[in-house]
Amino acid sequence: MATDALRAQVAAKWQESFNRLNRSEPGITGLMSFSEAWNIAIEALRPKDLSISPTDTTSSLQRWNAVKPSKQQVRNAFALVNQCRKLPHLLEVFLEEMRKKQPLITREVIMYMESYESTNDVQIVTKLIGRLVEWYEAWMPNPELGLGPIPTTTYTASFHTFLFSILPPTFSAGFKALVETTIRSPPHTFSHLWPIFESLGLIDRYETLIASVGYEFIEAHVKETCQQRWGQPLLPQLRTWMADTVVPWMLSPYARGAKNVDEAKVMMQGVGSRFDFHMHKTLCDLRTSEIFGIIVDYPDSTGALQDLKECMNRVDQRSDLVHALRQTNKRRLLHPGADTKDILAQYVSTIKCLRVIDPPGVLLYKVADPIRRYLRERPDTIRCIVASLVGDGESGDSLVDDNEPIQPLQQPDVENYTDPEWNPEPIDAGPDFRANKPSDVISTLVSIYDSKDLFIKELQVLLAQRLLAVTDGNYDRERRNVEILKIRFGEPALQVCEVMLKDMDDSRRTDQHVQSQKTSDMHPTIISRHFWPTLETSDLKMPGQFKALQERYAKEYSVFKPDKYLKWLPNLGRVHLELELEDRTVDADVPPLEAAFIELFSEKDVWAVDDLMSKVGTVPRSAALKALGTWVDLHVLTEDSEGVFRLLNVTEDTGARAPVPRPGAEEELPSIMSVQQQQAEQMKVYWKFVEGMLTNLGALSLDRIQTMLKIAPGYDRTIEQLAGFMEAARREGHVSVKDGMWKLAR
Amino acid sequence: MATTTAAAEAPGSVTKRLSNELMTLMMSSSPGISAFPKSDSNLFDWAGTIEGPTGTIYEGLAFRMSISFPSNYPYAAPTIKFDTPCYHPNVDLATGAICLDILQDKWSAVYSVQTVLLSLQSLLGEPNNASPLNTDAANTWSSPKEYKERLMKNYRPLNDDKPPAGKKI
């Protein structure tokens, strides 16, 4: 029930609205003119259907065309609407009209996108965007109408919202392809597209997509130009490329609306540094993934290392590099199939490479650790290092750079904090990182092991082998090596080697003296037992004239040096023989065992192997057969039946069998026990102790055995070594273990 | 060491002698005898093992013994006794004490653990019945079957897994 008050209120409102529209015009003429203006305005804003060509425009449009109001009229109409404060309402009506017409655009978008999906042709996307912008512009309220910015903004926002709501998901892919085309084309080819993208709001909406196009473009370029090319630093080249290619492209999307160069610079700063960072990161990733190959190729890959170093400064991926390298090393290097020499070579290259990237050596320390641990477990590491120490130049690729000055091994020294150049350790250095100052490669290699004594021992073995292998009496090379090593390891360590060298000289002098007293066909090398590594002994006894020679020589020697006693090691000798047979003479340079056998054949012509063996002390049967085989090959002996040999005083045609060279039949190096063998020998002694304690003290734990073994002189094994040893003894059935207690197997 | 007196030197040289003897004993392979220090900290206390010589009534049996060296060793004889009960004319069955001349008045510094153990081993097969510690054993010696029976009744095989139990009489 409308009350009077309400009625009065409605009447007042009505009056007020009427007054506003009628603008105090007489009667309702004001109202009439407003209505006309409203119609004109609405019609001016009406979204047009672009799919209808102007020629066949029909109905209302035509009708309005007939009485098309002039621009001035339209402007007046808008002014009037505005004056009556009906502009917001007008806009609402306009937007409503637009909503009604939206299906027109939707239809076209669907049509274009379907065609794109089936062809993947970027041109279609371009066309679609062109068409969309036509729509956009056609519907846009004419700015000349003096409506101020609000209608345009509202219209644009509404159009964008609508547009994004109808664009199918495939559009982003198409748009991306289009953007990619723009970046791949020469700059400015597509510069006209960007304002269009902007007016359609595509740049803001697809900002990440555009950026990703940039990133991908950079990635592809870096991959294409840098992969597997390590010789030159490529960063400068890449930077130029960025400046020439990427930056001009960036101008359009990122510096739009910049009024001058400076403004553009400011606008592009953020995105520019992101792209720059991405370029570095991509290169860094690429190099990191290639690091193993780069190290293998060192020093031909110095360029790549320089790049990597620069990238590392920009991109903090040090831990990634360490991780990648450790992984590859583990997969490609530290496995049983790799040669120790190769591992060492790679390690040395790694040292050199990582020094380039990271001079303080933190990266190296982290990468080297597994390699060092692995090398420590390899039995022949020391041997390899030692061989390269003395410049075993035959193989060609020595680990040591010849140009590198020979210098003493470096000991880790205490940091000098008073040094004005002192710097703290790098931030990612581990707690056990030792700031190893750039030291030479050999020092680093030697430091794989805790003590250099092992090296000295192995050096002695190696030197012994080489000295005994020298036949022409020229020891200059070995002397030079010892001198070099003295510089590295210091004099005291090389004392034993000195004695060994001196022994060789002394032998020659002694021999000269003995020969001057009584000429002998024998020229022994006399070595000091105490200073030489354990030489492989054998119970070979030389028969016949050899024995006589030995005895005669020993006699002369004892006259010369009454306080010394000669212990013969005939198995290490070498014999030059001339065999006078009935129809021929055979000249041969053979090992002693061969000589011993052929000497026996001068007693009688036919021998059984077992009889021969019994005449020369104890030799393994295999060695004996091998020795006899040598003579068979030389057609001096023939094997009549299994194990029975006959001397061929006259050549017999044994078939067209040419002397077969026996591979490995000759021993290249005198048999000197390696450090390992020596250790095994020592372990035999300790086994006696273990046996003794287990017999008398009953079952013992490993710890207890280890402690008790301290009684044994010179025992220096770790409990791990002992465990390995006990395990070996268990496999051989000497001991058994139960609940950690070891006892003798009975 | 700051002060070097004769007394301080003596154990050093004894230790050296003992470790030499140990080394010799370990490296020589004398069948059936063996000895080893009971702990690495005290070289003066050893455990020994003697196997009965083949062809004697003790064949196949093994006897554990303790050997303790005096501080003036080798000028005084080591004290040796059987830990494994040994039924023997010259061995006290209850205490394991041994009656052997070289361990008493006939001791000489030239003897060593090895020689003593070898002597003891041969003593097993050739007892000195003239001065018996165990008269019962001396009397039964002439009847091997009965002797063996008593020997086995008292014998306790070595058991590595358990420490020797307290002596039973």
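What counts, and at which threshold
- Residues numbered from 1 in each chain as written.
- Chains lettered and ligands numbered in written order.
- Predicted model: local features only at pLDDT ≥ 70, side-chain atom pairs only at ≥ 80, totals over all residues.
- Heavy atoms only, no water.
- Contact = heavy atoms within 4.5 Å.
- Buried area = accessible area lost by both parts, 1.4 Å probe.
- Polar contact = N/O pair within 3.5 Å; in protein donor to acceptor, adjacent residues only side chain to side chain.
- Helix = DSSP H or I, 4+ residues; strand = E, 2+ residues; numbered from the N terminus.
- Pairing = 2+ DSSP bridges.
- Axes fitted to C-alpha atoms, helices over the stretch in contact; angles between N-to-C directions.
- Salt bridge = Lys/Arg side-chain N within 4 Å of Asp/Glu carboxyl O.
- Buried < 20%, exposed > 50% of the residue type's maximum accessible area, 1.4 Å probe, protein only.
- Parallel < 35°, antiparallel > 145°, perpendicular 65-115°, else oblique.
- Left-handed = near helix turned anticlockwise from the far one by under 90°.
- UniProt positions renumbered as here; feature names shortened; annotations may be inferred.
- Core = buried A, V, L, I, M, F, W, Y, C linked by side-chain atoms within 4.5 Å.

## Focus on the interface of chain B and chain A
Next up, step 1: With 18 residues of chain B in contact, the opposing surface of chain A contributes 17 residues.
Next up, step 2: Interface of chain B and chain A: buried area, both sides summed, is about 1,600 Å²; carbon and sulfur atoms make up 63% of it.
Next up, step 3: Along the contact surface separating chain B from chain A lie six residue pairs in polar contact (both at pLDDT 80 or more).
Next up, step 4: Elements that contribute at least two residues to the side of chain B that touches chain A include exactly helix H1 (6-27), strand S1 (33-37) and strand S2 (45-51) of chain B.

## Digging into the sheet that holds S1(B)
Residues and elements named next belong to chain B.
Next up, step 1: An order of S1-S2-S3-S4 is seen for the four strands of this open sheet, with the pairing classed as antiparallel. Each edge of the open sheet is held by one strand with a lone partner, namely S1 and strand S4 (79-82). Neighbouring strand axes in the sheet, compared pairwise and without regard to direction, differ in orientation by 25° on average.
Next up, step 2: Pairing of S1 with S2 involves five bridges; the strand directions are antiparallel.

## With respect to the pattern of salt bridges
Next up, step 1: Counted under the stated rule, the structure contains 23 salt bridges over all chains.
Next up, step 2: The closest approach of N and O atoms between A:Arg131 and A:Glu108, which form a salt bridge, is 2.7 Å. Of the two residues, A:Arg131 is situated in helix H6 (residues 122-139) and A:Glu108 in helix H5 (residues 87-119); the sequence distance between them amounts to 23 residues. Each member of the pair A:Arg131 and A:Glu108 is classed as buried.
Next up, step 3: Residue B:Arg150 is joined to B:Glu146 by a salt bridge in which the shortest nitrogen-to-oxygen separation is 2.9 Å. With a gap of four residues between them, B:Arg150 and B:Glu146 both fall in helix H4 (residues 144-154), about one helical turn apart.
Next up, step 4: Classification of B:Glu146 by relative accessible area gives partly exposed; the value is 35%.
Next up, step 5: By sharing partners, the salt bridges in this structure join A:Glu108, A:Arg131 and A:Glu134 into a single network.

## Focus on the side chain of A:Ser301
All names here are of chain A.
Next up, step 1: With respect to the helices and strands, Ser301 occurs in the loop between helix H14 (291-297) and helix H15 (302-314).
Next up, step 2: Among the polar contacts made by the side chain of Ser301, one reaches the main-chain carbonyl oxygen of Ile294 at a distance of 2.6 Å.
Next up, step 3: Excluding residues within four positions of it along the chain, Ser301 makes contact with Trp230 and Ile294.

## A look at the packing of H15(A) against helix H17 (residues 340-357) of chain A
Residue and element names in this part refer to chain A.
Next up, step 1: Two elements in contact, H15 and H17, have axes whose closest approach is 8 Å; the angle formed by their N-to-C orientations is 45°. Classed by the angle they form, the pair H15 and H17 counts as oblique. Where H15 crosses over H17, the handedness of that crossing is right-handed. Taken together, the residues of H17 that come into contact with H15 (itself represented by Leu305, Gln306, Leu308, Lys309 and Met312) are Cys353, Val356 and Ile357.

## With respect to the UniProt feature "active site" (unreviewed entry) in chain B
Next up, step 1: Per the UniProt annotation, the sites labelled "active site" (unreviewed entry) are B:Cys99.
Next up, step 2: Tracing the sequence through the fold places B:Cys99 in the loop between S4 and helix H2 (113-125).

## Some details on the nonpolar core
Next up, step 1: In terms of nonpolar packing, the biggest core is built from 144 residues, with A:Ile129, A:Phe159, A:Phe171, A:Phe175 and A:Leu200 touching the most fellow members.
Next up, step 2: The greatest single-element share of this core, amounting to twelve residues, is contributed by H5(A).
Next up, step 3: Beyond its immediate chain neighbours, meaning those up to four positions away, A:Leu200 contacts A:Ile129, A:Leu132, A:Val133, A:Tyr136, A:Phe159, A:His160, A:Leu163 and A:Phe164.
Next up, step 4: The next biggest cluster of nonpolar side chains, apart from the first, holds 66 residues, and it includes A:Trp687, A:Met726, B:Ile80 and B:Tyr155.

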